[in-house]
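Inside the fold
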Amino acid sequence: MINIRDYHSIVVLTGAGISAESGVKTFRDDDGLWNGYKVEKVATPEAFDENPNLVNEFYNLRRQQLISSVKPNDAHIALAEFSHIYTGNFTLVTQNVDNLHEQGGSEHVLHMHGELLKARCVNTEQIFNIDSPIDPDTKCQCCQRSGTLRPHIVWFGEMPLYLEEIEKRLLECDLFIAIGTSGQVYPAAGFVQMASMTDATTVELNLKPSDVHSSFNHAYYGPATQIVREFFS
C-alpha cells in the first residue's frame, strides 16, 4: 500500500459501504424498495408535498434505528484516529446521512446528502438538531408554525450540500480516497476525475470494484473494517 503520510492534502469520500458493517442498509433492494419503502415515495420533494406523514414516518424509523442500535465500526474509528494525528490538510466528505463518523471521533464532516439527526424549516432554512419523531403537527423552533419542518436530507432532484467547498478541496489535494462508494451517484462519482485533473493520486477502498474503478490509480478490496484500518495505519 502507498504511504499516505507522504501526502500533504488528503480528501476522503465515504459512501454507504463504510457503514454497512454497522448494520446500516447500503442501497435499495432489487425489487425497488428501500427498507420496505418505494424510493420515489419517500425520497423526493414531490413525495413530501404529497404525503408528508409517510415521508416523516420513513425518516423517523431510520432516525430511531440510528439512535438506538447502530454504532460506529472500526473503519469509522480508524479514519478519526488518523485525522487526529495527521499534520496535513484532511477533509472528510460523506454521502451518508448517519452520524457514525462523528460517533467514531471525526470532526468537521461534510455531509453532502444531509443529516438524519437534523431537520430544516422550509420557511427560514434554519437547521435544527433532532432526536425525536417529527410529523406535520410538529411546531418549528424558529417560526413557531406547524407543518414547516422537513428532514434535513438531500432528496433525489435536489442539489447536494457543500459542493463549492468540496470542489475547492479536491482541486487542492494530492491524495483522494474513496471508501465504500458505488460510483453510481453523481456528482460524487465524478470526484475522482476532478482530483485527477491536478494529478492527485487516487485510491479506491471498497468491498468490490465500483462503477468508476478504472479511474483510480490504486485499488484495495475487502471489508471496510479491514482495509480502512490497514490503509490508515
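Relevant structure appears above.
Computed from a predicted structure; not experimentally measured. (Residues numbered from 1 in each chain as written. Predicted model: local features only at pLDDT ≥ 70, side-chain atom pairs only at ≥ 80, totals over all residues. Heavy atoms only, no water.)

As for the pattern of salt bridges
According to the stated counting rule, one finds 7 salt bridges in the structure shown. Residues glutamate 165 and arginine 169 are paired through a salt bridge, measuring 2.9 Å at the closest nitrogen-oxygen approach. Within this pair, glutamate 165 and its partner arginine 169 are both found in helix α6 (residues 163-172), separated by 4 residues, close to a single helical turn. For glutamate 172, the salt bridge is made with lysine 168, and the minimal N-O distance between the two is 2.8 Å. Remark: lysine 168 and glutamate 172 occur in helix α6; sequence separation between them is 4 residues, near one turn of the helix. Connected via shared salt-bridge partners are Asp74, Glu81 and Arg229. (Salt bridge = Lys/Arg side-chain N within 4 Å of Asp/Glu carboxyl O. Helix = DSSP H or I, 4+ residues; strand = E, 2+ residues; numbered from the N terminus.)

Looking at the packing of aromatic side chains
Enumeration according to the criterion identifies 10 aromatic pairs in this entry. Both rings, one in tyrosine 59 and one in tryptophan 155, keep their centres 6.3 Å apart while their planes meet at 40°; by these two values the pair is tilted. In this pair, tyrosine 59 is assigned in helix α3 (residues 52-69) and tryptophan 155 in the loop between β8 (149-153) and α6, connecting sequence segments 96 residues apart. You'll find tyrosine 59 and tryptophan 155 in the same group, each marked buried. Each member of the aromatic cluster is reached from another via a ring pair, and the members are Phe82, Tyr86, Phe90, Tyr220, Phe231 and Phe232. The ring centre of tryptophan 155 lies 3.8 Å from the NZ or CZ of arginine 150, which sits over that ring. (Phe/Tyr/Trp six-rings, centres within 6.5 Å; stacked < 30°, edge-to-face > 60°. Buried < 20%, exposed > 50% of the residue type's maximum accessible area, 1.4 Å probe, protein only. Lys NZ or Arg CZ within 6 Å of the ring centre and 35° of its normal.)

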